[in-house]
Amino acid sequence: DAITSKYLVCTIDQMLMGIFNDGRAVFRLHYLTRQVNIIDECHSLDGRLEALLLKYLEILGRFKTPVILLSATINTDRMNEMMRAWATGAGIKYTDAQLAANDQILLISAND
């Protein structure tokens, strides 16, 4: 139940469909923007889904919704693209990060 739960579990396609006004899933966006979003395997999307994910991250940024992006193999350019999308929505100037081989976590906060 998305109305009373403390977290909402959905697939990437359900999450991305939340940004479309097709009359079926758009109501989910309200709940998705009120809870931490954890997106796993974010490196594995094809070009179309990645473009939708970037737009979704921008929307989440507008609401200052926390997002955790998980990937074991994402390259720095794609990671910066995703971080920049969220920061753009949040109105934060994002400076691209350069990850060293031993870096594991990068954080951008709406308080930055």
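Refer to the structure presented above.
All of these numbers come straight from a predicted model, not from anything done at the bench.

### Remarks on the environment of Leu-29
Move 1: Its location among the elements puts Leu-29 in helix α2 (residues 28-32).
Move 2: When its relative accessible area of 18% is taken as the criterion, Leu-29 is described as buried.
Move 3: C-alpha separation for the pair Leu-29 and Met-17, spaced 12 residues apart in sequence, amounts to 8.7 Å.

### A closer look at the side chain of Asn-80
Move 1: For Asn-80, the position within the fold is in helix α4 (residues 76-90).
Move 2: Once residues within four sequence positions are removed from consideration, Asn-80 is found in contact with Tyr-94, Asp-96 and Ala-97.

### Comments concerning unusual backbone geometry
Move 1: Positive phi values are uncommon outside glycine, yet Lys-64 reaches one of about 55°.
Move 2: Accessibility expressed as a relative area gives 40% for Lys-64, which makes it partly exposed.

### Let's talk about the pattern of salt bridges
Move 1: Using the criterion set out here, one finds four salt bridges in the structure.
Move 2: The closest approach of N and O atoms between Arg-78 and Glu-50, which form a salt bridge, is 2.5 Å. Pair noted here: Arg-78 is in helix α4 and Glu-50 is in helix α3 (residues 47-62), with a separation of 28 residues, a long-range link.
Move 3: One network of salt bridges, in which partners are shared, links Lys-55, Glu-58 and Arg-62.

Reading guide: rules and limits
Residues numbered from 1 in each chain as written. Predicted model: local features only at pLDDT ≥ 70, side-chain atom pairs only at ≥ 80, totals over all residues. Heavy atoms only, no water. Helix = DSSP H or I, 4+ residues; strand = E, 2+ residues; numbered from the N terminus. Buried < 20%, exposed > 50% of the residue type's maximum accessible area, 1.4 Å probe, protein only. Contact = heavy atoms within 4.5 Å. Salt bridge = Lys/Arg side-chain N within 4 Å of Asp/Glu carboxyl O.

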